[in-house]
Amino acid sequence: MPHSTNPSAALHPLAWSRPRLLWVSLPALAILLAGAWLMLVTGNHPPFQKFDDGWYQLMRSSRTPWLTDANRVLDFAGNTGMVIYSVLLLLVLLRRHWRLALFTAAVNLGALGLTHLIKFLVDRPRPVDRLVSVDHGSFPSGHVSGTVTAMVVTAVVLGRLWMWVSGTILSVAMMFSRTYLGVHWASDTIAGALLGVGLTLLLWALLRDKCLTRNIRAGSVQADSQTA
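Just so we're clear, the structure is a prediction, and the values are computed from it rather than from any experiment. (Residues numbered from 1 in each chain as written. Predicted model: local features only at pLDDT ≥ 70, side-chain atom pairs only at ≥ 80, totals over all residues. Heavy atoms only, no water.)

> Please explain the packing of aromatic side chains as it appears in this structure.
One pass over the structure, following the stated rule, counts three aromatic pairs. Considering the side-chain rings of phenylalanine 176 and tyrosine 180, the 5.9 Å spacing of their centres and the 25 degrees angle between planes classify their relative orientation as stacked. Here tyrosine 180 and phenylalanine 176 lie together in helix α6 (residues 161-180), a separation of four residues that amounts to about one turn. On the accessibility criterion, phenylalanine 176 (30% relative accessible area) is partly exposed. Among the residues examined, tyrosine 180 registers a relative accessible area of 0% and is labelled buried. The aromatic ring of tryptophan 16 is capped on one face by arginine 20, whose charged end is 4.2 Å from the ring centroid. (Phe/Tyr/Trp six-rings, centres within 6.5 Å; stacked < 30°, edge-to-face > 60°. Helix = DSSP H or I, 4+ residues; strand = E, 2+ residues; numbered from the N terminus. Buried < 20%, exposed > 50% of the residue type's maximum accessible area, 1.4 Å probe, protein only. Lys NZ or Arg CZ within 6 Å of the ring centre and 35° of its normal.)

Dropping the structure here:
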């Protein structure tokens, strides 16, 4: 095959088939919504609260000065840091891959909106012993949903294995950090991760074909889809 001069040839967007994307995204979102429903019907006393309480006590007993300082850095990274990162990713893609750039923006904004909507509807109280200042509403974790969304959308669009690995490590670290700092229950962070993964892959399943128009070779996408 002749060498392509297309500048987007360096991109390898995720080529999973639509059914495969839906098989991952829809259960993730269903579990998230089931958790929110349990919060509502039990008055924020879900059956998994014992698990949350146990993990919360473990995190409180694990606090040390150096670990607290490290997690304060993650507190910044998961909020302001992710906003800066997402804007930079948008600007880099916007030069030559504007459809993919708009996709990243839509996913990040969609995750932000859905997170705050569920927070408002569920209105779960946060743990009491918090090490950083936060607003009200604990379920789901906005830091985790924002981080997971940003990492997954990057890996989906750019398609490099190391992005999946590094994104997973950062996402798990953020989940740990939010419970260590006492601003979220463990189930809040799990819900945030499910939201980030589920929404990103669902929107990719729905918008992938339009996003890839004139961004990468159609033949390579079809071939990858058939082997996925």
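> Hey, could you run me through the packing of helix α1 (residues 18-41) against helix α4 (residues 98-122) in this one?
A pair of packed helices is characterised by two quantities: the angle between their axes and the separation of those axes. Orientation of α1 relative to α4, taken along the N-to-C sense of each, is 20 degrees, at an axis distance of 9 Å. Comparing their axes, α4 and α1 come out roughly parallel. Counting all contacts with α1, which are made through Leu32, Ala36, Met39 and Leu40, the residues of α4 involved are Ile118, Leu121 and Val122. Residues that form the contact of α1 with α4 fall into these classes: seven nonpolar, no polar and no charged. (Axes fitted to C-alpha atoms, helices over the stretch in contact; angles between N-to-C directions. Parallel < 35°, antiparallel > 145°, perpendicular 65-115°, else oblique. Contact = heavy atoms within 4.5 Å. Nonpolar A, V, L, I, M, F, W, Y, C, P; charged D, E, K, R; others polar.)

> Help me understand the environment of tryptophan 185, please; the structure alone is not making it clear to me.
Relative to the helices and strands, tryptophan 185 resides in the loop between α6 and α7 (186-212). As for tryptophan 185 and phenylalanine 51, which are separated by 134 residues in sequence, their C-alpha atoms are 9.2 Å apart. Apart from the residues lying within four places of it in its own chain, the contact partners of tryptophan 185 are Gln49, Asp52, Asp53, Tyr56, Arg124, Pro125, Arg126, Pro127, Ser138 and Thr179.

> Honestly, helix α3 (residues 65-94) in this entry has me stumped. Any pointers?
Helical periodicity: at 3.6 residues per turn, an α-helix aligns residues three or four positions apart in one direction. When the terminal C-alpha atoms of α3 are compared, their 42 Å separation across 30 residues agrees well with the 44 Å that a helix rising 1.5 Å per residue should span. The sharpest bend along α3 reaches about 45 degrees and sits at glycine 81. If you check which residues of α3 are buried, you get Leu67, Thr68, Asn71, Leu74, Asp75, Gly78, Gly81, Met82, Ser86, Leu89 and Leu93. As for α3, its buried residues are in contact with α4, α5 (142-158) and α6. (Expected span 1.5 Å × (residues − 1). Bend = angle between axes of the 7 residues up to and from the residue.)

> Would you take a moment to explain the side chain of asparagine 44 for this structure?
As for its position among the elements, asparagine 44 is in the loop between α1 and α2 (49-61). Its relative accessible area of 16% is what places asparagine 44 among the buried residues. From its side chain, asparagine 44 meets the backbone oxygen of valine 122 in a polar contact 3.4 Å long. When neighbours within four sequence positions are excluded, asparagine 44 is seen to be in contact with Met39, Gln49, Val122, Asp123, Arg124 and Pro125. (Polar contact = N/O pair within 3.5 Å; in protein donor to acceptor, adjacent residues only side chain to side chain.)

> Teacher, can you tell me more about a nonpolar patch on the surface here?
A contiguous nonpolar surface patch, about 860 Å² in accessible area, is contributed by Phe76, Val83, Ile84, Val87, Leu88, Leu91, Leu94, Trp98 and Leu102. The leading source of residues in the nonpolar patch is α3, at seven residues. Tracing the chain through its elements places leucine 94 in helix α3. (Patch = residues over 30% accessible without salt bridge, like charges linked within 9 Å, V, L, I, M, F, W, Y side chains within 5 Å. Areas by Shrake-Rupley, 256 points an atom, 1.4 Å probe, with all protein chains shown as cover. Salt bridge = Lys/Arg side-chain N within 4 Å of Asp/Glu carboxyl O.)

> Any chance you could explain the layout of surface pockets here in plain terms?
Gaps between atoms show up when a probe of the same size as a water molecule is rolled over them. Here the largest pocket is characterised by a volume of approximately 650 Å³. Along the wall of the largest pocket there are 28 residues; nearest its centre are Gly78, Asn79, Val83, Leu112 and Gly142. Among the secondary structure elements, those contributing two or more residues to the lining of the largest pocket are α3, α4 and α5. Per-element accounting of the lining of the largest pocket gives the leading share, nine residues, to α4. The residue makeup of the lining of the largest pocket, split by class, is nine nonpolar, 14 polar and five charged. (1 Å grid on protein atoms, 1.4 Å probe; cavity = no way out; pocket = protein on both sides within 12 Å on 5 of 7 lines; lining within 4 Å. Points joined across faces, edges and corners; volume = space filled by probe spheres on them.)

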